[in-house]
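# Breakdown of the fold
The chain contents come next:
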Amino acid sequence: MDVCAAPGGKTTAIAERMNNTGRILASDIYRRKLDQVDEEARRLGITNIETRSWDATRVDSNMFKRADCVLVDAPCSGLGVVRRKPEIKYKEKNGETAMLPNKQFAILSASSSYVKPGGTILYSTCTINPEENEQVVDRFLRSHGDFEKVEATQLLPNVNGTDGFYICVMKRRKAED
């Protein structure tokens, strides 16, 4: 599953790596953005992506523990891509920005319910803000004891020569773990 899928670059990359087999359920809150995912999949000849409009902060009980892997590329402040989008620097710190960690936590928590025992959840952002990255993951792990951190990486423009990204892979323990 890709729970914040639009515009679909990661979704289609995953589909290609899966050699167009299996199934990817790609959701986003905005149907119009999912139309871009559908269009890109058609252009690439990808047929294993199903899109649907869904608020990722809500749990879909029909998907409970059905996914091998869930991607949460959470909405974020975008501070890691400021060199490509300099206008981010000039955005006022408003209530929405301050609420991002709570929204990210809600999305991560809801999405974790879809992960099968032994399955993985990948949390990522395009920010370098620890409040949106490590602190969200730490809060999640404290409240979801059946998950463990496998690996986490913070990419920094001045160190890695790329945009700033945070990537954390977590695994749901199997019942006997």
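Residues numbered from 1 in each chain as written. Predicted model: local features only at pLDDT ≥ 70, side-chain atom pairs only at ≥ 80, totals over all residues. Heavy atoms only, no water.

Glancing now at the overall build of the protein. The secondary structure content of the protein amounts to five helices and six strands. Ordering the α and β elements of the protein from the N terminus gives α-β-α-β-β-α-β-α-β-α-β. For 177 residues, the compact-globule estimate of 2.2 N^0.38 gives 16 Å, and the protein sits close to it at 16 Å. Of all 177 residues assigned to the protein, the portion counted as buried reaches 41%. Taking as baseline every contact in the protein between residues at least 6 positions apart, the subset at least 24 positions apart corresponds to 72%. Of the roughly 9,900 Å² that the protein leaves accessible, carbon and sulfur atoms contribute 50%. Across the protein, the centroid of the 27 positively charged side chains sits 1 Å from that of the 25 negatively charged ones. (Helix = DSSP H or I, 4+ residues; strand = E, 2+ residues; numbered from the N terminus. Rg over C-alpha atoms; globule rule 2.2 N^0.38 Å. Buried < 20%, exposed > 50% of the residue type's maximum accessible area, 1.4 Å probe, protein only. Contact = heavy atoms within 4.5 Å. Areas by Shrake-Rupley, 256 points an atom, 1.4 Å probe, with all protein chains shown as cover. Lys, Arg positive; Asp, Glu negative; His and termini not counted. Charge placed at Lys NZ, Arg CZ, Asp CG, Glu CD.)

Here we take up the packing of aromatic side chains. All told, the structure shown has two aromatic pairs when counted by the stated rule. Relative to Tyr166, the ring of Tyr123 lies with its centre 6.4 Å away and its plane at 65°, an arrangement referred to as edge-to-face. Taken together, the residues span a long stretch of sequence, with Tyr123 in strand E4 (residues 115-125) and Tyr166 in strand E6 (residues 165-172) at a distance of 43 residues. Exposure class is identical for Tyr123 and Tyr166. Each is buried. (Phe/Tyr/Trp six-rings, centres within 6.5 Å; stacked < 30°, edge-to-face > 60°.)

Read from one edge of the open sheet, four strands run E3-E4-E6-E5, paired in mixed fashion. Each edge of the open sheet is held by one strand with a lone partner, namely strand E3 (67-73) and strand E5 (147-155). Between one strand axis and the next, the sheet turns by 15° as a mean value, whatever way the strands run. In terms of strand pairing, E4 meets E6 through six bridges, oriented antiparallel. Note that in E6 the partner of Leu122 across the bridge is Val169. Packing against the sheet, helix H4 (residues 134-143) makes contact with E4, E5 and E6, and its axis sits at approximately 180° to E5. (Pairing = 2+ DSSP bridges. Axes fitted to C-alpha atoms, helices over the stretch in contact; angles between N-to-C directions.)

Our next topic: H4. Of all the residues in H4, the buried ones are Val136, Val137, Phe140 and Leu141. Seen from one end, H4 has its buried residues packed into an arc of 130°, which puts them on one side. (Arc of directions from axis to C-beta.)

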